[in-house]
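Tertiary structure, described
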Amino acid sequence: MKIITRPAAMFKAVMAVKAKGKSVGFVPTMGALHEGHLSLIRRARKDNDIVVVSIFVNPAQFAPGEDLKKYPRPVSQDIALCRKAGVDFIFSPSPKDIYPEGFKTYVSVDGLDRVLCGKSRPGHFRGVATVVAKLLNIVWPDVIYLGQKDAQQAVIIKRMVEDLNFPASIRIMPTVREKSGLALSSRNVYLNIKEKEDALVLSKSLNLASLLIKGGLRDAGRLTKRIRELISKKKSAKVDYIAIVNADDLEPLNKIKGSCLIALAVRIGKTRLIDNVLVKI
Ligand code: AMP
């Protein structure tokens, strides 16, 4: 496994393997790797000749006052996990490598970046789209592996890849959860024991939503109300949003139909958590 920090060196290494006709699978991450990331890496390992994992805590997607500084960075643990999972290249540039002096070009995926998480995190998805576009220009993967856990991010990256003609396909992998139901997230380390227990209300409310839909409920307003009621039973929980939208374009749905995404963002204490479930009618 090679660890590369310079964009030009990464590009050169990938071009060399592509010249031999090898396929490249790419898993973009911010590190603090857990089983969620590893499920993407394992899939990439299975599908491709070469696996590239990027580890980059992207300053452009954090607003002032968000957790950029305290975001976990267990570097040697991440390297060991990648090595064990059979990764060929870790690409871990510094912020200056990605955003050198004078940097001015950003990618916005119009509209999709202002709904759901985009409402309370303005600029976040501009930062995500920009860094992913840059990474794609450095790594030129055949397949990009993303998690359903960040459903809006996946929709936005899909749109961008299509709109900007990146020659890559996208594979979205299911959300990996703890036995308790809690979706794995690098930010779960911020939760204390009590908060971690309270955080189960996210997956529980999504399970309730799935059950109610199975039982025939189709009215999005009533469903939102039931989810909100359950979450509000936890004192430490504060709803940022509950969204019931079309899974492909994130347009709000009044009636549950087709491919429907139920997505939540909830603050547990000081930690903002997201989760979602896809329902197909
Ligand atoms: P992050 O390091 O949080 O930026 O995530 C990197 C990639 O891992 C993204 O595509 C995420 O959607 C994915 N990911 C994060 N958590 C999970 C999870 N619990 N299950 C599946 N994929 C995940």
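In case you missed it, the structure is sitting above this.
As a starting point, this report considers the structure included with it.

Conventions used here
- Residues numbered from 1 in each chain as written.
- Predicted model: local features only at pLDDT ≥ 70, side-chain atom pairs only at ≥ 80, totals over all residues.
- Heavy atoms only, no water.
- Pairing = 2+ DSSP bridges.
- Helix = DSSP H or I, 4+ residues; strand = E, 2+ residues; numbered from the N terminus.
- Axes fitted to C-alpha atoms, helices over the stretch in contact; angles between N-to-C directions.
- Contact = heavy atoms within 4.5 Å.
- Core = buried A, V, L, I, M, F, W, Y, C linked by side-chain atoms within 4.5 Å.
- Buried < 20%, exposed > 50% of the residue type's maximum accessible area, 1.4 Å probe, protein only.
- Domains from an automatic or database assignment.
- Expected span 1.5 Å × (residues − 1).
- Arc of directions from axis to C-beta.
- Parallel < 35°, antiparallel > 145°, perpendicular 65-115°, else oblique.
- Left-handed = near helix turned anticlockwise from the far one by under 90°.

Attention shifts here to the sheet that holds strand S5 (residues 143–147). The strands making up a sheet are joined through hydrogen bonds of the backbone, oriented either antiparallel or parallel. Pairing in this open sheet of 6 strands is parallel, and the strands run S1-S4-S3-S2-S5-S6 from one edge to the other. In the strand order of this sheet, the two ends are held by strand S1 (2–4) and strand S6 (169–173), each with one partner. On average, each strand axis in the sheet is tilted by 25° relative to the strand beside it, whichever way the strands run. Relative to strand S3 (residues 50–55), strand S2 (residues 24–29) runs parallel, the two sharing 6 bridges. Bridge assignment links glycine 25 to a residue of S3, and that residue is valine 51. Against the sheet, helix H2 (residues 35–47) makes contact with S2, S3, S5 and S6, and its axis sits at roughly 155° relative to S5, the strand it touches most.

Soluble, globular proteins show a tendency: their nonpolar side chains are buried together. Counting 49 residues, the largest nonpolar core has Met10, Val52, Phe89, Leu136, Val139 and Met160 as the members making the most contacts within it. In terms of residue count, helix H6 (residues 124–139) provides more of this core than any other element does, 10 residues in total. Inspection of this core shows a minimum of three residues originating in each of domain 1 (2–173) and domain 2 (186–280). Residues in contact with methionine 10, not counting those within four places in the same chain, are Ile4, Val52, Phe89, Phe91, Ile138 and Val139. Counting residues in each nonpolar core, the second largest holds 28 residues, with Ile213, Leu253, Val266 and Val279 among its members.

Further remarks concern helix H1 (residues 7–19). Side chains that are three or four residues apart share a direction in an α-helix, a result of its 3.6 residues per turn. With 13 residues, H1 extends 18 Å from end C-alpha to end C-alpha; this agrees with the ideal 18 Å at 1.5 Å per step. Within H1, the full set of buried residues consists of Pro7, Met10, Ala13, Val14 and Val17. Projected down its long axis, H1 shows its buried positions confined to an angular sector of 130°, all on one face. Turned more than 90 degrees off the buried face of H1, the exposed positions are Ala8, Lys12 and Ala19. Looking at the packing, one finds that the buried side of H1 touches S1, S2, S3, strand S4 (89–91), helix H4 (95–98) and H6. Downstream of H1 by one or two residues, glycine 21 has phi in the positive range, about 80°.

We now examine the pairing of strand S9 (residues 271–280). When you tally the buried positions in S9, you get 8 out of 10 residues, the bulk of the element. Here strand S8 (residues 259–268) pairs with S9 via 10 bridges, running antiparallel. Bridge pairing in S9 links serine 259 to lysine 280. Between the antiparallel neighbours S8 and S9 lie 2 residues, among them glycine 269 with a positive phi of about 60°.

This next bit is on the packing of H6 against helix H7 (residues 151–163). Axes are the key here: two packed helices are described by the angle between their axes and the distance separating the axes. Running from amino to carboxyl end, H6 crosses H7 at an angle of 50°, the nearest separation of the two axes being 10 Å. Here H7 runs oblique to H6, going by the angle between their axes. Helix-helix and strand crossings are classified by hand; for H6 and H7 the assignment is right-handed. On H7, the residues touching Phe125, Val128, Ala129, Val132, Ala133 and Leu136 of H6 are Gln152, Gln153, Ile156, Ile157, Met160 and Val161.

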